[in-house]
Amino acid sequence: MSIGTAALTLITMMTATSRQLRRSERRWKFALDGAGDGVWDWNPKTDRAIFSQRWNEILGYADGEFPETGAAVFKAIHPQDVKSVTKGVRQYMREGGDSSYTADFRMRTKSGDWKWVAARGKIVARDAQGNPVRIIGTHTDISDRKLAEEQMRIAASAFESQQGMMITDEQKRILQVNHAFIKMSGYSEAEILGRTPRMFKSGRHDGVFYKEMWETISQNGYWHGEIWDKRKNGDIFPKWLSITAVANSDGKVTHYVGVHTDITERKNAEQKIESLAFFDQLTGLPNRTLLLDRLKQLIAVSMRNSQYSAMLMIDLDHFKNLNDTLGHDKGDIFLAQVARRLEDCTRAIDTVARLGGDEFIIILPELSPDKKRAADPAEKVTEKILEALNQDYKLDGNSHHSSASIGVCLFGTESITTEDLMKQADLAMYKSKSAGRNAISFYDPEMQSSVLKRTALEKDLRNAIEQQQFTLQYQPQVDINGRITGAEALLRWLCPGRGAVSPRKFIPLAEETRLIIPVGEWVLETACAQLAVWAKRADMSHLKIAINVSPIQFAKADFVEQVLSTVKNTGIKPDRLKLELTESHLLHNIEDIISKMQVLGDAGISFSLDDFGTGYSSLSYLKRLPLWQLKIDKSFVRDILTEPNDAEIAKTIVALANSLGLEVIAEGVETDSQQASLAKLGCYHYQGYLLSRSLPIKEFDAWCHEWSGNKMVKQESAQQLLI
């Protein structure tokens, strides 16, 4: 058979060859705009779609001009294509599994013309019922390719094809190649003709591969598949190869015709879509999806081999401050550097992943069959990581120091889900945060018990708010002359299932869960309502009530309006309400605090700085605050007679208050001697067990009626003590 006959035979093969190529494209191409492909991201459940600038450009639209719905895409598909496309998409979403979807079809452009596009996509997320909620993929403008295929069908010679063509004799000596093949291989025609295809072998396939390939050709007269070849410059690249045996009228093979398609671009695209689906784009580390897959496999392997492995959960301390001060671009640089340091501290077999934000996970596989021996290398690696993360970072000329809180969890001999394992590591990490950050904590089963107890307490706390299980008790405040000046309202919780719950136990939880906001609102309303009752009694209308205000409550934008509204609605005199703030209020957003205090102060409401001396108070801020009173903390009062430092602190507080024109009150006064010592220092207002414990309202009313004031060291006696 002549070369011309072989070429003519090749023409009849082209349609089948192209069809085989289309069927071979089982995996996806996902190229970026710069590579010429348009990117799309579709939620079939909501029909919401996002299209890249290049996607719009393919159809002649400006960026964002095309309607961002899946329905709009189907509407733009050619009437002859839309039915098959719709059917294919539905079938893929129903049966696709881990496979990918491909389709070629025509779409109407903005100008009304039709363009051929190759759609490729992959399901990357499903909801709890298994329905797709995210498919990502690309549209490639293949109008030119379709035109070329049409020309190939019409052309007299298959060698005008954009695909590489090779014709050999029955001995597999190369007789002819087309320009596309020459360009693909890098060899000249003269260097190729007369030789065999062995010259292109990459070394990636063994003898068995080629033996089976030629056996298939011998039996079926045809073979197609993926193969790796080598260019003249030594580059190894993937191609899709179709080989057809051409026989004469006697059935004897006279030639072999090969159609070669370079699929390097497709392979690169597969890697890109895998990267998008399974790797964090900022750091290049495995993302949550890939991490959980590896973790699930490791749990099974560790149990099968009775080996302990370790999970490290890493949270970067105060990362938000970096974003707020230097900007998110520097934050991204910082996260990338953290990723490199984590990789430097681990082995090749370990997994370093980014969960998102400032959280990272490291998996240390199969450390030891003994739990203690497994803990030792895990601890050493964690200490190495902590030290590495404590080194300064250079962020485009900015120096930044950071630390991390790390939780470590061992697993391997008992069945556990990935979700529970993540929870355990998270608990250990938060233990490190609670310990002051920049620390390492191993998970302890008692942590889980503690969390369960905390969860139960939070549930009861929410019920307490709904069912109004709280009460206020009142602890008297008295001056040196024995005159009752008011009371501090103290929150109490009598839980039906727990009994009396200590404020030290439930108030921190209320702060953490922000339930302190509705609780604080109830305290404000209840205290003001009580002041309204006292206002009707001549013997109690002068009393003030002091209530504690949480920093979270005070930071609310509508806090001032809420207080003023409550005062107005209850009809009380504003100067009867005293709000107690702690020094922790002064650590954040001081200007907002001062502004709110001034508005409330102008309305007549007074402020007391509680627990004064136990925290950090800037005198420059203190003199700007519209305070009415400083409160000496009970920790200084308790040992005022035996600890000279405590007595000196109390004296300094009194002197500071006098210089600022503020009243001073001491809490926790339990003995006559303490009261006398405070009076000697110049403190003339008191609160504590010397006077009374906190009392329910009826008992408080009775106490006020019975109070004589005889327990107090009078001002005259105090002056004698000063002499």
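All values reported here derive from a predicted model rather than from experimental measurement. (Residues numbered from 1 in each chain as written. Predicted model: local features only at pLDDT ≥ 70, side-chain atom pairs only at ≥ 80, totals over all residues. Heavy atoms only, no water.)

Caption draft 1: Inspection of the pattern of salt bridges at higher detail. Per the stated rule, a full pass over the model turns up 39 salt bridges. The shortest N-O distance in the salt bridge between R106 and D81 comes to 3.0 Å. With R106 in strand β3 (residues 101–108) and D81 in helix α4 (residues 79–95), the pair connects residues that are 25 residues apart, well separated along the chain. You can call R106 buried: its relative accessible area is 18%. (Salt bridge = Lys/Arg side-chain N within 4 Å of Asp/Glu carboxyl O. Helix = DSSP H or I, 4+ residues; strand = E, 2+ residues; numbered from the N terminus. Buried < 20%, exposed > 50% of the residue type's maximum accessible area, 1.4 Å probe, protein only.)

Caption draft 2: Molecular detail of the packing of helix α19 (residues 559–570) against helix α20 (residues 590–602). The geometry of α19 relative to α20 is characterised by a closest axis approach of 10 Å and an angle of 15° between their N-to-C directions. Classified by the interaxial angle, the pair formed by α19 and α20 is roughly parallel. As α19 packs across α20, the resulting crossing turns out to be right-handed. Between α19 and α20, the residues in contact are F559, V560, V563 and L564 and K596, V599 and L600, respectively. Looking at the contact of α19 with α20 residue by residue, the classes come out as 6 nonpolar, no polar and 1 charged. (Axes fitted to C-alpha atoms, helices over the stretch in contact; angles between N-to-C directions. Parallel < 35°, antiparallel > 145°, perpendicular 65-115°, else oblique. Left-handed = near helix turned anticlockwise from the far one by under 90°. Contact = heavy atoms within 4.5 Å. Nonpolar A, V, L, I, M, F, W, Y, C, P; charged D, E, K, R; others polar.)

Caption draft 3: View of empty space enclosed by the protein. The final tally for this structure, using the stated rule, is 2 cavities of 30 Å³ or more. Each pocket or cavity is described by its volume, and for the largest cavity that value is around 260 Å³. Taken together, 19 residues make up the lining of the largest cavity; nearest its centre are W40, W42, V73, F74 and H139. For the lining of the largest cavity, the elements supplying multiple residues, two or more each, are β1 (38–43), β2 (48–51), α3 (70–76), α4, β3, β4 (114–126) and β5 (132–141). When its residues are assigned to classes, the lining of the largest cavity shows 15 nonpolar, 3 polar and 1 charged. Size it by volume and the second largest cavity reaches roughly 40 Å³. F181, M184, S185, F200, D229, K230, R231, F237 and K239 together form the lining of the second largest cavity. Of all elements in the fold, only α6 (179–185), β8 (222–230) and β9 (236–247) reach the threshold of two or more residues within the lining of the second largest cavity. Ranked by residue count, the leading element in the lining of the second largest cavity is α6, at 3 residues. (1 Å grid on protein atoms, 1.4 Å probe; cavity = no way out; pocket = protein on both sides within 12 Å on 5 of 7 lines; lining within 4 Å. Points joined across faces, edges and corners; volume = space filled by probe spheres on them.)

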